[in-house]
Amino acid sequence: MSQAINFFVSSSSRSPATFTISRPSVFVSTGSLRVPVKKSLRTLVVKASASDLDESQSSPVLVSDNGSGGVLSSVTQEYGRNNVVAPSSDSSSIEVDTVTEAELKENGFRSTRRTKLICTIGPASCGFEQLEALAVEGMNVARINMCHGTREWHRMVIERVRRLNEEKGFAVAIMMDTEGSEIHMGDLGGASSAKAEDGEIWNFTVRAFDPPLPERTITVNYDGFAEDVKVGDDLLVDGGMVRFEVIEKIGPDVKCLCTDPGLLLPRANLTFWRDGKLVRERNAMLPTISSKDWLDIDFGIAEGVDFIAVSFVKSAEVIKHLKSYIKARARDGDIAVIAKIESIDSLRNLEEIIQASDGAMVARGDLGAQIPLEQVPSEQQKIVQLCRQLNRPVIVASQLLESMIEYPIPTRAEVADVSEAVRQRGDALMLSGESAMGQFPEKALTVLRNVSLRIERRWREQKRREVIELSSIASSFSDSISEEICNSAAKMANNLEVDALFVYTKNGHMASLLSRCRPDCPIFAFTTATSVRRRLNLQWGLMPFRLNYSDDMESNLNKTFSLLKARGMIKSGDLIIAVSDMLQSIQVMNVP
Ligand SMILES: Nc1ncnc2c1ncn2[C@@H]1O[C@H](COP(=O)(O)OP(=O)(O)OP(=O)(O)O)[C@@H](O)[C@H]1O
Ligand SMILES: CC(=O)C(=O)O
Ligand SMILES: [K+]
Ligand SMILES: [Mg+2]
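Please read these numbers as outputs of a predicted model, since none were measured by experiment.

Observations concerning the coordination of the potassium ion (ligand 3)
Here's step 1: Only N145 (OD1), D177 (OD) and T178 (O) from the protein coordinate the potassium ion (ligand 3), and they sit 2.7 to 2.9 Å from it.
Here's step 2: Donor residues binding the potassium ion (ligand 3) come from one chain and are separated in sequence as N-x31-D-T.
Here's step 3: On the basis of relative accessible area, N145 is assigned to the buried category, the value being 14%.

Here we look at the coordination of the magnesium ion (ligand 4)
Here's step 1: The protein atoms that coordinate the magnesium ion (ligand 4) are E342 (OE) and D366 (OD), at distances of 2.0 to 2.1 Å.
Here's step 2: Between the magnesium ion (ligand 4) and the potassium ion (ligand 3) there is a metal-metal distance of 5.3 Å. With E342 in the loop between strand 18 (336-341) and helix 9 (344-348) and D366 in helix 11 (residues 364-370), this residue pair connects regions lying 24 residues apart in the sequence. Of the two residues, E342 and D366, both sit in the buried class.

Details of the nonpolar core
Here's step 1: Membership of the largest hydrophobic core comes to 71 residues, with the highest contact counts inside it found for I121, M139, I308, I383, L401 and L429.
Here's step 2: Each residue touching M139, except ones within four places of it in the same chain, is listed here: L117, C119, I121, L131, L134, V172 and L445.
Here's step 3: Membership of the second largest hydrophobic core comes to 27 residues, among which are V220, A226, V242 and V246.

Considerations on the site of ligand 2
Here's step 1: Taken together, R143, K340, E342, M361, A363, R364, G365, D366, S398 and M430 make up the full set of residues near ligand 2.
Here's step 2: A distance of 3.5 Å separates an oxygen atom of ligand 2 from a polar backbone atom of R364.
Here's step 3: Here G365 contributes a backbone N or O atom positioned 2.8 Å from an oxygen atom of ligand 2.
Here's step 4: When isolated, ligand 2 has an accessible area of 210 Å², and the protein chains bury 91% of it.
Here's step 5: Of all the secondary structure elements, the ones that give two or more residues to the shell around ligand 2 are strand 19 (359-363) and helix 11.
Here's step 6: The dominant element in the shell around ligand 2, judged by the number of residues it contributes, is helix 11, at 3 residues.
Here's step 7: Classifying every residue of the shell around ligand 2 gives 3 nonpolar, 2 polar and 5 charged.

A word on the site of ligand 1
Here's step 1: Around ligand 1 sit 15 residues, and of these R143, N145, H148, D366 and S432 come closest.
Here's step 2: Residue H148 places a side-chain N or O atom 2.9 Å away from an oxygen atom belonging to ligand 1.
Here's step 3: Relative to its free-state accessible area of 590 Å², ligand 1 is covered by the protein chains to the extent of 78%.
Here's step 4: When residues of the shell around ligand 1 are traced back to their parent elements, those giving at least two are strand 6 (141-145), helix 5 (151-168) and helix 14 (433-436).

A short note on the packing of helix 5 against helix 7 (residues 291-303)
Here's step 1: Close contact between helix 5 and helix 7 brings their axes to 11 Å; oriented N to C, the two are set at 25 degrees. When the axis of helix 5 is compared with that of helix 7, the two are roughly parallel. As helix 5 packs across helix 7, the resulting crossing turns out to be right-handed. Contacts between helix 5 and helix 7 involve R151, H154, R155, I158 and R162 on the former and, on the latter, K292, L295, D296, F299 and E303.
Here's step 2: Classifying every residue of the contact of helix 5 with helix 7 by side-chain character gives 3 nonpolar, 1 polar and 6 charged.

Regarding the environment of G149
Here's step 1: Along the chain, the position of G149 falls in the loop between strand 6 and helix 5.
Here's step 2: Judged by its relative accessible area of 58%, G149 falls in the exposed class.
Here's step 3: Spatially, the C-alpha atom of G149 lies 31 Å from that of E379, the residues being 230 residues apart in sequence.

Description of the UniProt feature "domain: Pyruvate kinase C-terminal" (unreviewed entry) in the protein chain
Here's step 1: The sites that carry the UniProt feature "domain: Pyruvate kinase C-terminal" (unreviewed entry) are, in the present numbering, residues 483-582.
Here's step 2: Counting secondary structure, residues 483-582 comes out at 42% helix and 21% strand; the distance between its end C-alpha atoms is 14 Å.

Focus on unusual backbone geometry
Here's step 1: If you check the backbone angles, R216 has positive phi at about 50 degrees while not being a glycine.
Here's step 2: With respect to the helices and strands, R216 occurs in the loop between strand 9 (201-205) and strand 10 (217-219).
Here's step 3: Of note in this structure, R425 is not a glycine but carries a positive phi near 65 degrees.
Here's step 4: Mapped onto the elements of the fold, R425 is located in the loop between helix 13 (412-423) and strand 21 (428-431).

Topic: the sheet that holds strand 9
Picture the strands of a sheet paired through backbone hydrogen bonds; they go either parallel or antiparallel.
Here's step 1: If you trace the 7 strands from one edge of the open sheet to the other, you get 10-9-13-12-11-15-16, paired in mixed fashion. Whereas interior strands pair on both sides, the edge strands pair on one side only; in this sheet they are strand 10 and strand 16 (277-278).
Here's step 2: Of the strand pairs in this sheet, strand 9 and strand 10 are connected by 3 bridges, and their pairing is parallel. Looking across to strand 10, one finds that F204 is bridged to I218.

As for a nonpolar patch on the surface
Here's step 1: A surface patch of nonpolar side chains, amounting to about 260 Å² of accessible area, comprises L263, L265 and M437.
Here's step 2: Turning to its location among the elements, M437 is positioned in the loop between helix 14 and helix 15 (441-461).

What to know about the packing of aromatic side chains
Here's step 1: Within the structure shown, the criterion is met by 11 aromatic pairs.
Here's step 2: Ring geometry for F526 and F545: centres 5.1 Å apart, planes at 35 degrees, overall tilted. Of this pair, F526 sits in strand 23 (residues 523-527) while F545 sits in strand 24 (residues 542-546), and the two are 19 residues apart along the sequence.
Here's step 3: According to the relative accessible area criterion, F526 is buried, its value standing at 0%.
Here's step 4: An aromatic cluster is present here, built from F502, Y504, F524, F526, F545, Y549 and F561 joined pairwise through their rings.

As for the pattern of salt bridges
Here's step 1: Counting across every chain of the model gives 33 salt bridges.
Here's step 2: As a salt-bridge pair, E179 and K292 come within 2.8 Å of each other at their nearest N and O atoms. Highlighted residues: E179 in the loop between strand 7 (173-177) and strand 8 (194-196) and K292 in helix 7, separated in sequence by 113 residues.
Here's step 3: The class of K292 is partly exposed, set by a relative accessible area of 30%.
Here's step 4: K571 is the partner of D574 in a salt bridge, and the nearest nitrogen-oxygen pair spans 3.0 Å.
Here's step 5: The exposure class of K571 is exposed, given its relative accessible area of 54%.
Here's step 6: Overlapping salt bridges, with partners in common, bring together R151, E179, R267, K292 and D296 in one network.

Definitions and cut-offs
Residues numbered from 1 in each chain as written. Chains lettered and ligands numbered in written order. Predicted model: local features only at pLDDT ≥ 70, side-chain atom pairs only at ≥ 80, totals over all residues. Heavy atoms only, no water. Donors = N, O, S within 2.8 Å, 3.2 Å for Na, K, Ca; no water. Buried < 20%, exposed > 50% of the residue type's maximum accessible area, 1.4 Å probe, protein only. Helix = DSSP H or I, 4+ residues; strand = E, 2+ residues; numbered from the N terminus. Core = buried A, V, L, I, M, F, W, Y, C linked by side-chain atoms within 4.5 Å. Contact = heavy atoms within 4.5 Å. Near = heavy atom within 4 Å. Polar contact = N/O pair within 3.5 Å; in protein donor to acceptor, adjacent residues only side chain to side chain. Areas by Shrake-Rupley, 256 points an atom, 1.4 Å probe, with all protein chains shown as cover. Nonpolar A, V, L, I, M, F, W, Y, C, P; charged D, E, K, R; others polar. Axes fitted to C-alpha atoms, helices over the stretch in contact; angles between N-to-C directions. Parallel < 35°, antiparallel > 145°, perpendicular 65-115°, else oblique. Left-handed = near helix turned anticlockwise from the far one by under 90°. UniProt positions renumbered as here; feature names shortened; annotations may be inferred. Pairing = 2+ DSSP bridges. Patch = residues over 30% accessible without salt bridge, like charges linked within 9 Å, V, L, I, M, F, W, Y side chains within 5 Å. Salt bridge = Lys/Arg side-chain N within 4 Å of Asp/Glu carboxyl O. Phe/Tyr/Trp six-rings, centres within 6.5 Å; stacked < 30°, edge-to-face > 60°.

Put into structure tokens, the structure is as follows:
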């Protein structure tokens, strides 16, 4: 007979709620239905247990068959009996971005990309057609960096992305990245770059100038700079791209000798080192969110960005503060806050920072200017793993394809670096200069996409399941149930080799719990809110759909099946597992 495990869990919406897992078992018996679910020889035999057919128990049976065109469960049997079919005349529709739809149709479920891609938008990518080309190529999130450009410029980019989404059916989310108040150079008086030659003396000053700047002059944003540095200190631009030695201090001016020549870029980061150690003087006391950042944050809230990435986070407090600020001000209060891990302080308080935030970014550019470069890869791995444990999306950022700023193909080493980030199963990869001001933004994105697809496929083919043991993160009993359901559903999905996981989730939490398990199949996440749908764009393996649905899972499933079938995105016989945060159940079924 079929093996069923029934859990009785209190529930408000249905009477009496039953949580049932019928374990599929291979057996032959009259009345059971045989369903070939895969091309392999495996056969799923399905039968409703007595309790499942009990009319008083309206919860669904979980393993079911579509042999006769219906889904077998107490509820769907009613559909079958009364010839109630899925509400195909339902006027509501299902929204999914055009890229996901095309990918699904062309390559099928299994081959869709799981790793998400972020592009920093700058002069090389801000045109409507350029943005469209990136969206077509798979950009999930567009990042605007408030270190550069005016608010008007950023508003224009946001408007274009929105228009692209509305007119062309994309679902590109927007991430705003704050400037933060670490020490950096000014904007070079409008020049795009300046060359510092070996042996030249440059003046680093905290004085303000009207452009043009005097020759070999660099303005510094931090007033305490001239007091904090000492003669003999090393001054590193962008973590060592150009190096100077402090030779003289004259009031607000600091004379520096160029010891490693190179190109100075506007607003480049500055660090100073004494006896081989990073100097953290009063600049360590600078606020993480400056007054300019607060204005930018107000701008981001007003524009309704999806994510705010906070630069140079030092502690969890600033994240908590920003989250409550957003909650009080944002219309739907759901801008996700991403903690950028790019300083020594953020590494010291890593766990509490990630715990407080809605996601994290391994911002390797500035991180590599604060810790020895050889330490960056292990910190990356640690952050990626910790985010996975704590169920926070994680972005690996900076210099992934740095050479593609100038060249149409990447170096082998860059491809290896991207592969490693994909292999670590980070949620997202980010382009910076490559897409903001490089010569080949689309080509760089294509490289990220192709490497992601290949590594993900190889992983699946090798059946390299995670060794990572996911610890429980739930803070309430009901969260524990959700977590157990998602862990079990993901495991079942792998073992049964199902085509897709379906998750019905109002706030996205169940979807993220499934994503955390990194299952072999893609996860279709159905949510009622457009903002949640965009936010889920950042998470590994999730394909976010917007759909209106009810508390009745059976009708939701039928509605989804008919809408997706009509769009050619699924077909009869596809095997899926469905979970939802309304009715805590796991259902395994073939698409009727
Ligand atoms: N909006 C913009 N306008 C002009 N140039 C930009 C813009 N955004 C980015 N860039 C250019 O692209 C480069 C890389 O972008 P990126 O966002 O990584 O900035 P960054 O200066 O390295 O700072 P961060 O540490 O915040 O990432 C920048 O140094 C800048 O030259
Ligand atoms: C992305 C970023 O801020 C960095 O790498 O420093
Ligand atoms: K920034
Ligand atoms: Mg940075």
